[in-house]
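Survey of secondary and tertiary structure
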Amino acid sequence: MEQQQCEASAPEEGDDPVAWSEPQWLPVDSLLPADSPRQAGEDVEHMKMLAAVEAELPAIIVHRPTMRVIDGMHRLGAARLRGEDMVQVRFFDGTEQEAFVLAVRSNVSHGLPLSHEDRTRAAERVIGSHPGWSDRAIAAIVGLGSRTVGVIRRRLQRERNAVEVTIRTGRDGRSRPLNNAEGRLRASELIRTRPDASLREIAQEAGVSPSTVRDVRLRIERGEDPVPKARRRRKGGPTAEAERPVGQDLVAMLRGLQTDPALRFSESGRGLLRWVLSHAISAEDWVDVADKVPPHCTYIIADLAHACAAEWRQLAGDLEARGAEQA
């Protein structure tokens, strides 16, 4: 199916991306196969595992206009293996482009993981249908780093000779230019005139992220220019926020893990969930912490954060390598 331009806003960070209908029962044979991001199709062994689960599985999400499954092909397969004639569904009434985005986001955040190739192909489609979404917004949907999404975007622009969109919509729903030098200058002025304002307040008024405000504040304290020289030379290029690798929305990921039957219904799975939940930290968490760190502790806490981030990156690399071997 050829993708068309879609002007819908990027899913906002921390929000449920869609509104569902109430659950209802439909005949299994009334549902059509998904427009799935999975290149190799569904995994039969995963269907068998779900079919053996005695607890009621979550409702399948269906695109009402086409009756295609958006999220739940493995659950549908499990119902067929059980010999069931009816299955519980929730309807989604958006466009086909929105349905595909939802399918990718759902499959990334819970259930059987998508392979790296699947996520790459999904990123290509989402970039094609939503060119105005930022690299971070798309990365949050497809489960890749924003830097990887940027590489994919530039490759597609070369291949398709496409014109680059200079203003993009981020995960917070705000539209920003690719070069955020102007936002940094606004933030620096606000910091000078309102030194007691919080990172979040300045970020909202300047149209940048709290992490950018924090960087600007530190630069001012060191007597440096609030706009790095490299950023000035790269006018029109991606911002630091666009380059920084970020995963998909943390709340959605954790919610998906908590509803994954493979984790919920085994002792080892529940142990893994407890470990992940105790070690996860959201952007809102660290912004609040950053505001409370005494000046003499800033470098110690920064070093600690770098050390923890390095361990998480090592874990991410090991898991991605294992996923590539199993793909």
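Only a predicted model underlies this, so the values are computations on that prediction, with no experimental measurement involved. (Residues numbered from 1 in each chain as written. Predicted model: local features only at pLDDT ≥ 70, side-chain atom pairs only at ≥ 80, totals over all residues. Heavy atoms only, no water.)

1. Regarding the environment of Pro131
Turning to its location among the elements, Pro131 is positioned in the loop between helix 4 (116–129) and helix 5 (135–142). A C-alpha to C-alpha distance of 8.8 Å links Pro131 and Arg153, two positions 22 residues apart in sequence. (Helix = DSSP H or I, 4+ residues; strand = E, 2+ residues; numbered from the N terminus.)

2. Some remarks on the nonpolar core
Formed by 19 residues in total, the largest nonpolar core has its most connected members in Val104, Val126, Trp133, Ile138, Val142 and Val149. Every element with two or more residues in this core is listed here: helix 3 (96–109), helix 4, helix 5 and helix 6 (146–160). Top element by residues in this core is helix 5. It accounts for 5 residues. Not counting the four nearest positions on each side in its chain, Ile138 is found in contact with Val126, Ile127, His130, Trp133, Val149 and Arg153. Val28, Leu31, Ala34 and Leu76 belong to the second-largest nonpolar core, a separate cluster that totals 12 residues. (Core = buried A, V, L, I, M, F, W, Y, C linked by side-chain atoms within 4.5 Å. Buried < 20%, exposed > 50% of the residue type's maximum accessible area, 1.4 Å probe, protein only. Contact = heavy atoms within 4.5 Å.)

3. Examining helix 6
Taking 1.5 Å per residue, 15 residues should reach 21 Å; helix 6 reaches 21 Å between its end C-alpha atoms and fits that length. Those residues of helix 6 that fall on the buried side of the exposure criterion are Ser146, Val149, Gly150, Ile152, Arg153, Leu156 and Gln157. On an axial view of helix 6, the arc spanned by its buried residues comes to 165°, and they lie on one face. Exposed side of helix 6, more than 90 degrees from the buried face: Arg147, Arg158 and Glu159 are the residues found there. Positive phi shows up at Asn161, right after helix 6, with a value of about 50°. (Expected span 1.5 Å × (residues − 1). Arc of directions from axis to C-beta.)

4. Here's the deal with the environment of Ala122
With respect to the secondary-structure elements, Ala122 resides in helix 4. The exposure class assigned to Ala122 is buried, which follows from its relative accessible area of 2%. The spatial distance from the C-alpha of Ala122 to the C-alpha of Gln39 is 9.8 Å, given a sequence separation of 83 residues. With near-sequence residues (within four places) excluded, Ala122 lies in contact with Pro37, Phe100, Val104 and Val142.

5. Thoughts on helix 8 (residues 199–206)
Since one α-helical turn is 3.6 residues long, residues separated by three or four positions face the same way. All buried positions along helix 8 are accounted for by Leu199, Ile202, Ala203 and Ala206. Buried residues of helix 8 fall within an arc of 100° about the axis and therefore sit on the same side. Note on helix 8: the residue one or two positions beyond its end, Gly207, has a positive phi of about 75°.

Honestly, that's just the spatial picture; any functional story needs more than this.
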